[in-house]
Amino acid sequence: DPDAVKRRLEAETGTLLVCAYDDDERTAEYLVPEAIPLWDLEERRPRLEADQEVIFYCACPKDETAQTRARAWRQDGFARAKILQGKRGSATPSRT
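This is a predicted model, so every value here is computed, not measured.

Undergrad: Which parts of the structure should I look at to understand the overall build of the protein?
TA: The number of helices and strands found in the protein is 4 helices and 5 strands. Along the protein, helices (α) and strands (β) appear in the sequence α-β-α-β-α-β-α-β-β when read from the amino end. By residue count, 43% of the 96 residues in the protein fall in the buried class. For the protein, the proportion of contacts with a sequence separation of at least 24, taken over those separated by at least 6, is 55%.

Undergrad: What should I look at first to understand helix 4 (residues 64-75) in this one?
TA: In an α-helix, one turn spans 3.6 residues; hence positions three or four apart end up facing the same way. Taking 1.5 Å of rise per residue, the 12 residues of helix 4 would be expected to cover 16 Å, and the 16 Å separating its terminal C-alpha atoms lies within 8% of that figure. Along helix 4, the residues classified as buried are T65, A66, A70 and W73. Along the axis of helix 4, the buried positions cluster into a sector of 125 degrees, meaning they face one direction only. Tucked into the core, helix 4 has its buried residues touching helix 3 (38-44), strand 3 (54-57) and strand 4 (81-85). At the C-terminal side of helix 4, G77 shows a positive phi close to 100 degrees.

Undergrad: Help me understand the pairing of strand 4 in this model?
TA: Each regular strand carries side chains that alternate between the two faces of the sheet. Within strand 4, 4 of the 5 residues are buried, which leaves it mostly tucked inside the rest of the structure. Bridge count between strand 3 and strand 4: 3 bridges; the pairing is parallel. Within strand 4, the position partnered with I55 by the bridge is K82.

Undergrad: Honestly, the nonpolar core in this entry has me stumped. Any pointers?
TA: A general trend in soluble globular proteins is that nonpolar side chains are found buried together. Within the largest apolar cluster, 27 residues are counted, with the highest numbers of intra-cluster contacts made by L17, V18, Y21, L41, F56, Y57 and W73. Those elements giving two or more residues to this core turn out to be strand 1 (16-19), helix 3, strand 3, helix 4 and strand 4. Once residues lying within four places of it in the same chain are set aside, the contact partners of W73 are L41, E42, R45, L48, F56, F78 and A81.

Conventions adopted
Residue numbers restart at each chain and count upward from 1, following the sequence in its written direction. Residues qualify for local features only when their pLDDT is at least 70, as the model is predicted, and side-chain atom pairs are given and counted only at 80 or more; totals for whole chains, interfaces and linings, by contrast, use all residues. Each side-chain value is worked out from all heavy atoms of the structure, with water and hydrogens disregarded. For helices the rule is a DSSP run of H or I covering at least 4 residues; for strands it is a run of E covering at least 2, with both sets numbered from the N terminus onward. Burial classes: relative accessible area under 20% of the type maximum marks a residue as buried, over 50% as exposed, and values in between as partly exposed (1.4 Å probe, protein chains only). Here a residue-residue contact requires only that any non-hydrogen atoms of the pair lie within 4.5 Å. Helix span, expected: 1.5 Å multiplied by one less than the number of residues in the helix. The arc in question is the one spanned by the directions pointing from the helix axis to the C-beta atoms. For two strands to count as paired, DSSP must find a minimum of two bridges between them. Side-chain atoms within 4.5 Å are what join buried Ala, Val, Leu, Ile, Met, Phe, Trp, Tyr and Cys residues into a set we call a nonpolar core.

And the structure:
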């Protein structure tokens, strides 16, 4: 539930909310205050533990970009990579 994600972020649990776009224009358009851009996540990657919770989001109609990013991160060993379904903050967490 989106409110649960917001509470985890506010509680500084280490959960990372990530704008899934790799182009600057889309990132600038869809980056929300609680989130970090994809390039920032990639810079942090060597220092992240495999159990790091990473939640990707995008504004795609079927969350395609977020799904692609989360799937790739899970394949790389980050089992807690997820997506936030729906556009920006009006969303529902999912593991798809």
